[in-house]
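# Structural features, examined
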Amino acid sequence: MIRKKLIAGNWKMNKTSADASTLVQEIVAEVGRVTDVDILVCPPFTSLESAGKLLEGSNVKLGAQNMHHEASGAYTGEISASMLRSTFATYVILGHSERRTYFAENDKFINQKVLAALKNQLKPVLCVGETLAERESGATLKVVQTQLEGALEGVSKEQATSVVVAYEPVWAIGTGKVATTEQAQEVHAFIRSLLVKLFGDAIAQKVRILYGGSMKPSNAPELLAQKDIDGGLIGGASLESRSFVELVKAAAAAK
Ligand code: PGA
């Protein structure tokens, strides 16, 4: 398999620094030496530095959940790519549906962030996905295409291999409703075909496409067995070491 599976935890607005340290220590103790799966944790900004120190020397990687595209300046409350780089972060989640919905982030803005992340050697985990209304009206592929092409505008072939795409149907996030393997694989294959058009086949085959939306140990094996599902972006089940570790093991078994 040319794509190593990636299990990524999106902790969202959860965990104080002390709680984050405990969870990171548990994860490192259990799967810190795993090499056949890439493992990523994305705590809140306030825990990046402390979590990063605890991860040092292990195979668990660190990511942020958002960033601003400008390098510095009068953007109260925002964090830049270079600030993230000054912690141990090497990934950043961008365009999550919660950012799109609650903070009005659009494809143009997300595109600026993707370009800034890549310029600063941060790997973007670019989230795309349709709402329930969009799925029911048959617009899923169109929505995903618009989001993907919008966010990746201006990304070079060389940069594209650093991008991770996360397909997260909005109706499946935090709801306990998981997409069926057929629904997920259909969209993942479609995303792969769009990547082929944008960057050519050789590069598209290297880009990882994660599934996100109520992924947990019970449904992960079936999802991770699909041809174009290269891992998971996990919210709820990443907040507890036991379920997160089980997901890492499911990914290792799925190779
Ligand atoms: P969930 O969240 O696993 O809690 O559904 C996934 C996400 O929002 O990334």
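Residues numbered from 1 in each chain as written. Predicted model: local features only at pLDDT ≥ 70, side-chain atom pairs only at ≥ 80, totals over all residues. Heavy atoms only, no water.

### Side note on the overall build of the chain
Rules: Only DSSP runs of H or I with at least four residues qualify as helices, and only runs of E with at least two residues qualify as strands; both kinds are numbered from the N terminus onward. The reference for a compact globule is 2.2 Å times residues^0.38; the radius of gyration itself is calculated from the C-alpha atoms. Two residues qualify as a contact provided that any one of their heavy atoms is within 4.5 Å of a heavy atom in the partner residue. In this description, accessible areas are obtained by the Shrake-Rupley approach with a 1.4 Å probe, and a residue is regarded as covered only by the protein chains that are shown. Only four residue types enter the charge count, namely Lys and Arg as positive and Asp and Glu as negative; His and the chain termini do not. Taken as the charge centre is NZ of Lys, CZ of Arg, CG of Asp or CD of Glu, depending on the residue.
Along the backbone of the chain there are 12 helices and 8 strands. Here the C-alpha atoms of the chain give a radius of gyration of 17 Å, agreeing with the 18 Å that 2.2 N^0.38 yields for 255 residues. Overall, the chain is about 45 × 45 × 35 Å in size when its C-alpha atoms are taken along their principal axes. Taking the contacts inside the chain whose residues are at least 6 apart along the sequence as the reference set, 73% of them involve residues at least 24 apart. If you sum the accessible surface of the chain, you get close to 11,200 Å²; carbon and sulfur atoms cover 53% of it. Side chains of the chain give 28 positive and 27 negative charges; the mean places of these two sets differ by 4 Å.

### Focus: the layout of surface pockets
Note the threshold: Cavity: a set of points on a 1 Å grid over the protein atoms alone where a 1.4 Å probe fits but cannot get out. Pocket: an open set with protein on both sides within 12 Å along at least five of seven lines, its lining residues, like those of a cavity, having an atom within 4 Å of a point. Grid points are joined across faces, edges and corners, and a volume is the space filled by probe spheres set on the points. Following the grouping adopted for this structure description, the nonpolar residues are Ala, Val, Leu, Ile, Met, Phe, Trp, Tyr, Cys and Pro, the charged ones are Asp, Glu, Lys and Arg, and the polar ones are all others, Gly among them.
Of the volumes computed, that of the largest pocket is approximately 480 Å³. Residue lining of the largest pocket: 19 residues in total, with K12, M13, Q65, N66 and R99 positioned closest to the centre. It is helix α4 (residues 97-102) that provides the largest number of residues to the lining of the largest pocket, a total of 3 residues. A volume near 240 Å³ is recorded for the second largest pocket. Around the second largest pocket, the lining comprises 21 residues; the ones closest to its centre are K12, G174, S214, G235 and G236. In terms of residue class, the lining of the second largest pocket is made up of 7 nonpolar, 11 polar and 3 charged.

### Here's the deal with the pairing of strand β1 (residues 6-10)
Operational definition: For each residue, the accessible area found with a 1.4 Å probe, counting protein chains only, is set against the maximum for its type, and the residue is called buried under 20%, exposed over 50%, and partly exposed in between. Two strands pair if DSSP finds at least two bridges between them. Whether a crossover is right-handed comes down to one check: with the strands pointing away from the viewer, does the path from the first strand over the helix to the second run clockwise; if it does, it is right-handed.
The element β1 is largely enclosed, with a buried count of 5 among its 5 residues. Of the two faces of β1, the one carrying L6, A8 and N10 and the one carrying I7 and G9 are both buried. Looking at chain direction, β1 and strand β2 (residues 38-42) are connected through 5 bridges and run parallel. Counterpart to N10 in the pairing with β2 is C42. In terms of handedness, the path from β1 via helix α1 (residues 17-31) over to β2 forms a crossover that is right-handed. Relative to strand β8 (residues 231-234), β1 runs parallel, the two being bridged by 4 bridges. Bridged to G9 within β8 is I234.

### With respect to a negative patch on the surface
This is how it is decided: Note on patches: the residues involved have over 30% relative accessible area and no salt bridge, like charges join within 9 Å, and the nonpolar side chains Val, Leu, Ile, Met, Phe, Trp and Tyr join within 5 Å. One speaks of a salt bridge when a side-chain nitrogen belonging to Lys or Arg is within 4 Å of a carboxyl oxygen belonging to Asp or Glu.
On the surface, E26, E30, E240 and E246 cluster together to form a negatively charged patch. Assignment of secondary structure puts E26 in helix α1. Looking at E26, the relative accessible area reads 34%, which means it is partly exposed.

### Points about the nonpolar core
This is how the line gets drawn: For our purposes a nonpolar core is just a set of buried Ala, Val, Leu, Ile, Met, Phe, Trp, Tyr and Cys residues, chained together by side-chain atoms within 4.5 Å.
Counting residues in hydrophobic clusters, the biggest one holds 68 residues, and the most contacted among them are M67, L148, L152, I191, L195 and Y211. Among the elements that make up this core, the one with the highest residue count is helix α9 (residues 181-199) (7 residues). Dropping the residues within four chain positions of it, M67 is found in contact with E78, I79, A81, L84, V92, L94, K113, A116, A117 and L122. With 12 residues, the next largest nonpolar core counts C42, V125, L210 and L233 among its residues.

### Thoughts on unusual backbone geometry
At K15, a position not held by glycine, the phi torsion is positive, near 85°. Inspection of the secondary structure puts K15 in the loop between β1 and α1. For K15, a relative accessible area of 27% translates into the label partly exposed. Of note, Q121 is a non-glycine position whose phi angle comes to about 60°, a positive value. Residue position: Q121 is located in the loop between α5 (107-119) and β5 (123-128). Residue classification places Q121 among the exposed residues on the basis of a relative accessible area of 54%.

### Remarks on the site of the ligand
Defined as follows: Proximity criterion: a residue is near a molecule or strand once any of its heavy atoms comes within 4 Å of it. Pairing of N or O atoms within 3.5 Å defines a polar contact, subject to two protein rules: one partner must be a possible hydrogen donor and the other a possible acceptor, and residues neighboring in sequence count only if both atoms are side-chain atoms. Think of it this way: if more than half of a molecule's atoms are within 2 Å of a pocket's grid points, that molecule is in the pocket or cavity.
Near the ligand there are 13 residues, and of these K12, H96, E168, G174 and S214 occur at the shortest range. Taking K12, its side chain carries an N or O atom lying 2.7 Å from an oxygen atom of the ligand. Residue G236 places a main-chain N or O atom 2.8 Å away from an oxygen atom belonging to the ligand. In isolation the ligand offers 280 Å² of accessible surface; the protein chains occlude 95% of this area. A majority-of-atoms criterion places the ligand in the second largest pocket. Its residues assigned to classes, the shell around the ligand shows 4 nonpolar, 7 polar and 2 charged.

Keep in mind these numbers describe shape, not what the thing actually does.
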